[in-house]
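Secondary and tertiary structure notes
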Amino acid sequence: MRKGIWQEFDGYQDIAEEIKVSRKLGGTASAAVIAAEEYIRQLHPERLELYVSDIIEETPSTKTLRLVSKDNYLPPFLAGQYIALFLEIGGIRTSRPYSISSQPNQVGYYDITIRRVENGLVSNYLLDEVKRGDALISSGPAGNFYFNPLIHKKTTVCIAGGSGITPFMSMIRQIVECGLDRTVYLFYGSKTADDTIFGDEITRLAERFENIHYIPVIEEPAEEYDGACGFITRQVLREVLENIEDKSFFICGPQGLYDFCLPQVQDLGVPRRKIKQEMYGAPPNIQEYPGWPADIHPEDAFSVSVRNGKPIKARAGETLLSALEKNEIRLPSLCRSGECSMCRVKILSGKVYQPAGVPVRKSDRQFGYVHSCMAFPISDLEVLI
Ligand SMILES: Cc1cc2nc3c(=O)[nH]c(=O)nc-3n(C[C@H](O)[C@H](O)[C@H](O)COP(=O)(O)OP(=O)(O)OC[C@H]3O[C@@H](n4cnc5c(N)ncnc54)[C@H](O)[C@@H]3O)c2cc1C
Ligand code: FES
């Protein structure tokens, strides 16, 4: 019989021999496959055991938690990615994603920088309860909000609001520390000048490095403030950017910032495909979104049945994922912003509201699956997990 061309490859005999032995022993993979799987597990671990090595006060409402690994190994990440923390608070098991604000070239720790959200379950816990030395469990680094040299232009326009500065801080720190040939224009919207996170550090870097441009935009400025005021409008962008052709645009922050800034950037003539966005979770005032049923109030409660269990009550203004978690019904979750698909459930009967722009696969839509982190009950529901 003629030899197949692959049989000429280096190492073919060894691999064939290994497969033969592993089949004889009932195994399904060669040592090389097992080694590759181990390598992948190291790069993309499902869970990390972390310790809080330091806590840094950034503003009156924001702290950075410096996290080190229990086994001295932290998987690499790309500037812009997040880790999800898995926590149990007051009997509720939940998770929240936080972008890594430290730079990827610094491998000893991950910094996450948390801003207080009024009545927020996890942000208040992390800011008030967590101490140096505490253990935390997280996912490995995840997310698609990062600079990709194959797709993105060398000049990046970053538009941040509130805690949405964190992925850009990681990018900027990496650019200056590694001397990367990239230019950044950072537009950062804050309510007051005191609210800006990392403001002093970015100002210093912008003074020192000519490829870093910093434009803080203050909504309620003090009298003596002479920078850009109000919101990040197309005029504010146009005044600074000479053209848009050679630039990629990134937007990060609460959904309100994204809803406001996306049309401003598009009005400059930037195609949607050149704008990358990361929303920091579900919108707080969902009833203000287009298509929300006028006769439903966010406090209206609906019954949700899962499997054969006792039906639970879920508020219209709260995501299905949060309502399930509060009733001890656990789902996998990671991004909590409709991106990763981990929390998908099938709606067997009833209706949910999903804000526009949540990327649900066509087949999922066809078969009634939704991302529960971005789905709001607007009738009684029967759900398959
Ligand atoms: C990919 C990703 C990365 C993130 N990175 C960061 C980060 O680096 N730093 C950081 O501080 N946060 C970050 N967040 C937000 C974070 O995950 C939590 O949503 C936030 O800490 C609030 O959680 P909570 O449990 O305190 O509030 P919840 O108990 O979940 O919410 C309480 C109420 O506040 C509203 N709400 C929730 N989040 C916000 C918000 N951000 N602004 C205004 N209202 C809100 C809710 O709609 C609800 O009404 C990120 C979110 C995503 C999706
Ligand atoms: S947790 Fe990622 S889509 Fe819901």
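Cut-offs used in this document
- Residues numbered from 1 in each chain as written.
- Chains lettered and ligands numbered in written order.
- Predicted model: local features only at pLDDT ≥ 70, side-chain atom pairs only at ≥ 80, totals over all residues.
- Helix = DSSP H or I, 4+ residues; strand = E, 2+ residues; numbered from the N terminus.
- Contact = placed C-beta atoms within 7 Å.
- Pairing = 2+ DSSP bridges.
- Axes fitted to C-alpha atoms, helices over the stretch in contact; angles between N-to-C directions.
- Near = placed C-beta within 6 Å.
- Nonpolar A, V, L, I, M, F, W, Y, C, P; charged D, E, K, R; others polar.

Here we take up the environment of D195. For D195, the location among the structural elements is in the loop between β8 (183-190) and α5 (199-208). C-alpha of D195 to C-alpha of S61: the two residues are 134 residues apart in sequence and 8.0 Å apart in space. Beyond its immediate stretch of four places on either side in the chain, D195 contacts T59 and S190.

Here we take up the sheet that holds strand β14 (residues 312-315). Strand order in this open sheet of 5 strands is β14-β13-β19-β15-β17, and the pairing throughout is mixed. Looking along the sheet, the strands with just one partner apiece sit at the ends: β14 and β17 (369-371). Sheet twist, expressed as the mean angle between neighbouring strand axes with direction ignored, is 45 degrees. Alignment of strand β15 (residues 344-349) against strand β19 (residues 381-384), held across 3 bridges, turns out to be antiparallel. By the bridge assignment for β19, I347 is matched with V383.

Let's shift gears to the pairing of β14. For strand β13 (residues 301-306) and β14, the ladder comprises 4 bridges, and the chain directions are antiparallel. In the strand pairing of β14, V304 is matched with I312. Linking β13 back to β14 in an antiparallel pair, the connection comprises 5 residues, with R307 at a positive phi of about 50 degrees.

In the vicinity of ligand 1 lie 27 residues, with G120, V122, S123, S163 and P284 positioned nearest. Those elements giving two or more residues to the shell around ligand 1 turn out to be β4 (92-99), β5 (110-115) and α3 (121-128). Residues that form the shell around ligand 1 fall into these classes: 12 nonpolar, 11 polar and 4 charged.

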